[in-house]
Structure formats: C-alpha cells, structure tokens
Amino acid sequence: MRLARRYSWELLLVVLIGLAFVWSSRLSPYFLNRDNLVSSAEFYVIFGLMAFGLLPVILHGEIDISLASTLAVGSVLYAKLADDGVPVIVAMLAVLAVGALLGLVNGALVAVAGLPSLAVTLGTLGAFRGIAFLIAGDQGSVISEDRYLVLGDGEIGPVPVSIIVLLVVGAGAAALLAYTSFGRYSYAVGSNPEASRMAGISVIGTKVIGYVLAGVLSGLAGIIWVGQYQSARGDNADGSILFVITAVVLGGVSIKGGSGRAVGVLLALILLGTIQTGMKLANVPGTSQTLVVGLLLIASIGVPKLVQIVRGLQRTPVITQSGRSDAAEPAASNAS
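Residues numbered from 1 in each chain as written. Predicted model: local features only at pLDDT ≥ 70, side-chain atom pairs only at ≥ 80, totals over all residues. Heavy atoms only, no water.

1. Some points on helix α13 (residues 262-281)
Since the α-helix turns once every 3.6 residues, residues separated by three or four places project in the same direction. Over its 20 residues, α13 runs 29 Å from end to end, which matches the ideal 28 Å to within 8%, given 1.5 Å per residue. Counting buried positions over the 20 residues of α13 gives 15, a clear majority of the element. One or two positions beyond α13, positive phi appears at N283, with a value near 60°. (Helix = DSSP H or I, 4+ residues; strand = E, 2+ residues; numbered from the N terminus. Expected span 1.5 Å × (residues − 1). Buried < 20%, exposed > 50% of the residue type's maximum accessible area, 1.4 Å probe, protein only.)

2. Some details on the nonpolar core
Counting 81 residues, the largest nonpolar core has L49, F52, L54 and Y78 as its most contacted members. The biggest single contributor to this core is helix α3 (residues 34-59), with 13 residues. (Core = buried A, V, L, I, M, F, W, Y, C linked by side-chain atoms within 4.5 Å.)

3. Let's talk about the packing of aromatic side chains
The final tally for this structure, using the stated rule, is eight aromatic pairs. Ring centres 6.1 Å apart and planes at 50° place the aromatic pair Y44 and F47 in the tilted group. Of this pair, Y44 and F47 are both found in helix α3, three residues apart, which corresponds to roughly one turn of the helix. Accessibility classification places Y44 together with F47 in one group, the buried group. Consider the rings of Y78 and Y148, whose centres lie 6.1 Å apart with planes at 75°: the pair is edge-to-face. One end of the pair, Y78, is in helix α4 (residues 67-83); the other, Y148, is in the loop between β1 (141-142) and α7 (150-153), and 70 residues separate them in sequence. Accessibility classification places Y78 together with Y148 in one group, the buried group. Connected via pairs of aromatic rings, a cluster forms that spans F43, Y44, F47 and F243. (Phe/Tyr/Trp six-rings, centres within 6.5 Å; stacked < 30°, edge-to-face > 60°.)

4. Section: helix α6 (residues 117-136)
Compared with the 28 Å implied by 1.5 Å per residue over 20 residues, the 28 Å span of α6 between its first and last C-alpha is a close match. Those residues of α6 not exposed but buried are S117, V120, T121, T124, F128, R129, A132 and A136. Close packing links the buried residues of α6 with α4, α5 (88-112) and α11 (203-229). Once α6 ends, the next one or two residues include G137, with phi positive near 75°. (Contact = heavy atoms within 4.5 Å.)

5. Overview of the pattern of salt bridges
Working definition: two side chains of opposite charge can pair if their charged atoms are close together. Evaluated as defined, the whole model comprises seven salt bridges. Note that K207 is salt-bridged to E62, the shortest N-O span being 2.6 Å. Taken together, the positions of K207 in helix α11 and E62 in the loop between α3 and α4 put the pair 145 residues apart, joining distant regions of the chain. Residues K207 and E62 agree in their burial class; the two are buried. (Salt bridge = Lys/Arg side-chain N within 4 Å of Asp/Glu carboxyl O.)

6. Digging into the confidence of the model for the protein
Averaged over the protein, the pLDDT score is 90; the fraction of residues at 70 or greater is 92%. Looking over the protein, one finds the lowest element-wise mean pLDDT in helix α15 (residues 328-335), namely 42, and the highest in α5, namely 98. Contacts of residues 327-336 to residues separated by more than four positions or lying in other chains number five contacts, the stretch itself having pLDDT below 50. (pLDDT = per-residue confidence, 0-100.)

7. Some details on the packing of helix α12 (residues 241-250) against α13
In the contact formed by α12 and α13, the axes pass within 7 Å of each other and the chain directions differ by 125°. Classed by the angle they form, the pair α12 and α13 counts as oblique. Like other packed secondary-structure pairs, α12 and α13 cross with a definite hand, here right-handed. Residues F243, T246, A247, V248 and L250 of α12 pack against V265, A268, L269, L271, L272, G273 and Q276 of α13. Split into classes, the residues belonging to the contact of α12 with α13 amount to nine nonpolar, three polar and no charged. (Axes fitted to C-alpha atoms, helices over the stretch in contact; angles between N-to-C directions. Parallel < 35°, antiparallel > 145°, perpendicular 65-115°, else oblique. Left-handed = near helix turned anticlockwise from the far one by under 90°. Nonpolar A, V, L, I, M, F, W, Y, C, P; charged D, E, K, R; others polar.)

See below:
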C-alpha cells in the first residue's frame, strides 16, 4: 500500500498509457504495426534525451528553454566535423564537450550570477541558435558516411541503437538521483535552497552541474539527430521545447522543484508519444497536436495543485458551536 501511494502518479501514467494505446489503435489500424511502433519510438528519442537533461534543472527549481538550440549547435558541429573527416569518437566527444560548455554558461549566469533562469535561457535560446547558423550557414550539411550515423541509424539485432541509448540514459538518470549525493542535494536544493545552504550543501555547484548535464544530453541528442536525418541545420528541433517541458512536468516533476523521478519522465514520454502518433496516423493537424500537448502541460501543473487544495480543505478544522474541532474527531476515532 505504501509503495502504491508513493508511486501513485506513475501508476496513473501507466493506466493512461494503456487507454492511449486503445484509443490510438482505434484511430488507425496501423498503430500497432511493429514497424510503426519502432519508428515512433526512434522519433521521440531526441526529445527524451532533452527531457532527461531538463529533469535535474527543474528539480532544482529552475528552467532551461535553450535545450533545442544547444541540440542545434551540437548537430551542426557534428556534421561539420564529419565533413572534415574527424574521427567519429573525437567528433562525438567534441560535441558533448561543447554541450557541456553551453550548459556551463547557463549555469554560471543562473547559479553564480543569480539571474532569473527563464530570462537567461530565453536569451541563450536565441544566442545558441545564432551560433548554430554561424557554424552551418543557411544551407546546413548532409552526411553520407555510415560511421557518423551509427547512434541515430544503427541497430543491435532488432532494436535501434538510439532507443538503447535513451533507456541507458534514463536508467543512469534514475540511479544518479536515487543513489548519489548529487541526487540527494538536488531534491534538497529544489525543496529549500536556503536550508540546503545552511546544511553545507553547495547550491551553486549543484545547479551548475544540473545545467551542464542538460547541455551534455542535448549535445547527445544532436548527434542522434544527425544519425536519424543524415543532415544538420541551424533550425534543428526548433519549437520542441514545449514537448520536452510537458514530458518532464507530466512525469510528476514539480515545476517548483524538489520532487519527481526519472521513471515518471519515461512514462510521460511514452504517453505523449502514443497520443501524438495516434493523432498523426489519424491525420490530425499539427496545430491540434500542439494544442493537446499544451493542454496536457496545463493539466499536469493544475491537477496536483487542485489535489493539494482539496487535501488542505479536508484538513482544515471546523469549529462547532460547542467550541470543539470537528477535524479532530476522525483522528481520535482512527487512533482508537
């Protein structure tokens, strides 16, 4: 019972995924086709990597809306290095390092300089996108050599490499938050930064690491983007941040910070992917799909708040004419 209560939000997502599968299969007979399910899962890997990167940032009570621009920088840089014949491993490490650097810029401005994260990452969203266009130019790049495409286009048996990468990253994120000091500090900082600082936790360091991780995973998403589309442009993943934020918040991560788990983010990705894939197969317009994602974001923020208000009303003591609190009577009966 205690375990079910602890993972109640994740269990709700599992139920919703089941309903979404039934709904999507009714919309189109092709939904349950294996090739469709695999290709759909591959499509959402890129957004999933950014979502797992955003997870610690939101846990800290901050936000990063520049992740898609970081992905764009990573993708065009990787394509540029591929054009120059740089070894694959070196190119990948260079992209991850640049992603970490861009995350460090965000972290320094937010955690060290104390600037608002929304304003900072709104600015870097535009700045990083500009850097991507400076690297790629207006035309972008096309990659044809298979060795540079393995993460996005390769397979291990029947399973695409990109899906394996996402699952490994998800497991790593879960382990990082559950079993390391960084994870414990992340929850503490998001819950109460001042108390965390007084307890000796480096609030600045914890937040900076969160932004660096977000940058690294966005760079990795850029590498997979090149593998999947065999090309890179400065406008890659433009407009995807709504989906990414929705996946994190719908996964049960509090937008105010301090609570949430990686497994919830993974389940939210599956739910959103199932709904969008069903709508695509049913030829639902893209604008309507965006509307649904936006409504889910609002619902994922509003429902927990509504539950909190209802619970608060239930706990509010009602003073009767005799001067006794009616709220105390059930407690006394339960104790007996």
